Amino acid sequence: MSGTLLRLACTAAMAAQAALAPLPAAAAPEPQRPVTQLLTDLQRLYRQTEQATETYNATAEKLTAQRAEVRRLDGELARARLALHDSRGDAGRLARAQYQNSSGGFSPYVRLLLARDPQQALDEGHVIGRVATERAATLDRLTGAEKRADTLAGAARKALDTQLTLADRHKKQRDDVTKRLSEVERLLASLTPEQQGEVSRLEQDGVAQAQRRLTDSGTLGDDRPASAEGGRAVGYALDQIGKPYRWGAVGPASFDCSGLTSRAWARAGTPIPRTSQEQWARLPHVPLNSLRPGDLVIYFPEATHVALYLGDGKVVQAPRTGENVRISPLASNPVLGAVRPDAAPRRL
């Protein structure tokens, strides 16, 4: 058999074997996760995203304050350098005067000793003393100006280094929030409309059960009247209903959770910390059975979510990405505690 025929025969045999070979089994479809697991995953991602957002907000506050400190130090340094320039000018004039006096023959002290008029001697002595005092003051000003300029230059460099460090941290935290939001979006995109409906119903059922347990336990107690400031904070928050949640936002077009509460109390005339964690750490704590409208309800062990109490077991909140400012049951998330912005300052 020629080489050409041999190759054709081999090719035909291989084709026949391929045709007779059994087809590979189709890949088994990936089993669907239970709706309870989907809800758990979604809540975990939302919680991680909000925690990253509050961390980002805290760094943003520090960065804003640090930029103001850099501007302040730069201004002081500019004034100190101007004062140093003036002091050096005074010192130069003093040096020239000393040179002129030393090249003119007798020093002022010798001329004083040789004076014939005692009164004139006394007058010249007074002048000499005053000149010496002015010279000492000029040197003191020069030395002080140099030290202050050096100190401020060092502080300005350190402040700028801190600002650059915060700016780098701020960018990394922004990227972290963006990454976590992408994870939420991927999970939501993977759900069918039926699954989304089931997850939503399951979440609502869980909130309703938590609210019933909270109410039945008697933890909330009777509502107390709002203070004037609390009433204004509540009024502002209610006016924002329907506006979208956006991480890092403090209004007026959109809000994150602590952006809403901090803006509401600022408009009420009582500025409070920007983040939910700082609100929990620095504002006076109140028990849930003493709540009054305007108090802040803090959620999760890490204090990563906050809402504003309305009364009757309800809060107004900016819930999370993809949702709008709305009224919710107080137990819409695991409650950590509550704080009162217009109470007496808490000792830390």
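Bear in mind that the values here come from a model prediction, so they are computed numbers and not experimental data. What you see as residue numbers is a count from 1 along each chain, following the sequence as written. It should be noted that, the model being predicted, local features are given only for residues of pLDDT at least 70 and side-chain atom pairs only at 80 or more, the latter also being counted only at that level, while totals for whole chains, interfaces and linings use all residues. Think of the side-chain values as coming from all heavy atoms in the structure, minus any hydrogens and water.

**Q** Break down helix H5 (residues 193-216) for me, citing the residues and quoting the values.
**A** Runs of E in the DSSP output that reach at least two residues are strands. Runs of H or I that reach at least four are helices, and both are numbered from the N terminus. Each residue after the first adds 1.5 Å to the expected span of a helix. Its 24 residues place the ends of H5 35 Å apart at the C-alpha level, agreeing with the 34 Å of an ideal helix rising 1.5 Å per residue. When accessible area is computed with a 1.4 Å probe and restricted to protein chains, residues below 20% of their type maximum are described as buried, those above 50% as exposed, and intermediate ones as partly exposed. What H5 keeps buried is the set Gln 195, Gly 197, Val 199, Val 207, Gln 211 and Leu 214. In the stretch just after H5, Gly 218 is the one whose phi turns positive, near 75°.

**Q** Would you mind going over the pairing of strand S2 (residues 296-299) in detail, with residue names and values included?
**A** Of the two faces of S2, both are covered, the one formed by Leu 296 and Ile 298 as well as the one formed by Val 297 and Tyr 299. Note: two strands are recorded as paired if DSSP finds a minimum of 2 bridges between them. As defined by bridge partners, S2 adjoins strand S3 (residues 305-311) across four bridges and the pair is classed as antiparallel. Counterpart to Ile 298 in the pairing with S3 is Val 306. As consecutive antiparallel partners, S2 and S3 are separated by five residues, and within that stretch Phe 300 has a phi angle of approximately 70°, a positive value. One ladder, built from four bridges, connects S2 with strand S6 (residues 335-339); its direction is antiparallel.

**Q** Give me the nonpolar core: which residues, what numbers.
**A** Within this scheme, the nonpolar core is defined by two criteria: the residues are buried Ala, Val, Leu, Ile, Met, Phe, Trp, Tyr or Cys, and they are joined through side-chain atoms within 4.5 Å. Among the nonpolar cores identified, the biggest contains 29 residues, and Trp 265, Leu 296, Ile 298 and Leu 308 are the most heavily contacted of them. Formed by 14 residues, the second largest nonpolar core is a distinct cluster that contains Leu 220, Leu 291, Tyr 299 and Leu 330.

**Q** How would you summarise unusual backbone geometry if you had to cite specific residues and measurements?
**A** Cis geometry marks the peptide bond from Gly 251 to Pro 252; its omega dihedral reads 0°. Within the element layout of this structure, Pro 252 appears in the loop between helix H6 (228-239) and helix H7 (257-267). The phi torsion at Phe 300 lies on the positive side, around 70°, for a residue other than glycine. As for its placement among the helices and strands, Phe 300 is situated in the loop between S2 and S3.

**Q** A description of H7 should follow, citing residues and the corresponding values.
**A** By the criterion of burial, H7 is predominantly enclosed, with eight of the 11 residues buried. Turning to H7, its buried residues are Cys 257, Ser 258, Gly 259, Leu 260, Thr 261, Ser 262, Ala 264 and Trp 265. Within two residues after H7, Gly 269 carries a phi angle of roughly 100°, on the positive side.

**Q** I'd like to hear about the layout of surface pockets, residue by residue, with values.
**A** Site definitions follow a grid-based scheme: protein atoms alone, a 1 Å grid, a 1.4 Å probe that fits but cannot get out for cavities, and for pockets an open set with protein on both sides within 12 Å along at least five of seven lines, plus lining residues having an atom within 4 Å of a point. Grid points are joined across faces, edges and corners, and a volume is the space filled by probe spheres set on the points. What the largest pocket holds in volume is close to 920 Å³. What lines the largest pocket is a set of 39 residues, among which Gln 43, Glu 203, Arg 320, Ser 332 and Asn 333 lie closest to the centre. When residues of the lining of the largest pocket are traced back to their parent elements, those giving at least two are helix H2 (35-102), H5 and strand S5 (326-329). Only Asp, Glu, Lys and Arg are considered charged in this grouping, and only Ala, Val, Leu, Ile, Met, Phe, Trp, Tyr, Cys and Pro are considered nonpolar; every other residue, Gly among them, is considered polar. Class assignment for the residues of the lining of the largest pocket results in 18 nonpolar, 13 polar and eight charged.

**Q** How would you explain the pattern of salt bridges if you had to name every residue and give the values?
**A** Salt bridges are defined by distance alone: a side-chain nitrogen of Lys or Arg within 4 Å of a carboxyl oxygen of Asp or Glu. Counted under the stated rule, the structure contains 16 salt bridges. With its nearest N and O atoms 3.8 Å apart, the salt bridge here joins Lys 314 to Asp 312. Here the salt bridges share partners, and the residues they tie into one network are Glu 69, Arg 72, Glu 76 and Arg 148.

**Q** Quick one: what's the story with the environment of Val 35, residue by residue and with numbers?
**A** Relative to the elements of secondary structure, Val 35 occurs in helix H2. For the pair Val 35 and Gly 197, spaced 162 residues apart in sequence, the C-alpha to C-alpha distance is 9.9 Å. Whether two residues are in contact is decided by their heavy atoms: any pair within 4.5 Å suffices. Excluding residues that lie within four positions of it along the chain, Val 35 makes contacts with Glu 198, Val 199 and Leu 202.

**Q** Break down the sheet that holds S6 for me, with residues and values.
**A** Strand order across the open sheet formed by six strands is S1-S6-S2-S3-S4-S5, with antiparallel pairing between neighbours. Looking at strand neighbours, the two that pair on one side only are strand S1 (285-286) and S5, the edges of this open sheet. By the bridge criterion, three bridges tie S3 to strand S4 (residues 314-317) in an arrangement that is antiparallel. The partner of Leu 308 across the bridge, within S4, is Val 316. Along the sheet, H6 makes contact with S3, S4 and S5, crossing S3 at roughly 110°. Axis lines are fitted to C-alpha atoms, over the contacting stretch for helices. Their N-to-C directions set the angle, which ranges from 0 to 180 degrees.

**Q** Could you give me a rundown of a nonpolar patch on the surface, with the residues and numbers involved?
**A** A residue counts toward a patch only above 30% relative accessible area and without a salt bridge, and it is joined to like-charged neighbours within 9 Å or, for Val, Leu, Ile, Met, Phe, Trp and Tyr, to nonpolar neighbours within 5 Å. Method for areas: the Shrake-Rupley scheme with a 1.4 Å probe, in which residue coverage is limited to the protein chains shown. Taken together, the side chains of Leu 238, Ile 241 and Ile 327 define a hydrophobic patch exposed on the protein surface, amounting to about 230 Å² of accessible area. Summarising the element assignment, Ile 241 is placed in the loop between H6 and H7. A relative accessible area of 39% means that Ile 241 is categorised as partly exposed.

**Q** Describe the packing of aromatic side chains, and please don't skip the residues or the numbers.
**A** In this description, a pair of aromatic rings is defined by centroid distance and the angle of the planes. Only the six-membered ring of Trp is used, alongside the rings of Phe and Tyr, when aromatic pairs are assigned; centres must lie within 6.5 Å, and planes under 30 degrees apart are stacked while those over 60 apart are edge-to-face, with the rest tilted. Enumeration according to the criterion identifies one aromatic pair in this entry. With a centroid separation of 5.0 Å and an interplanar angle of 75°, the aromatic rings of Tyr 56 and Trp 247 are classed as edge-to-face. Placement of the pair is Tyr 56 in helix H2 and Trp 247 in the loop between H6 and H7, with a sequence separation of 191 residues. For the pair formed by Tyr 56 and Trp 247, the shared burial category is buried.

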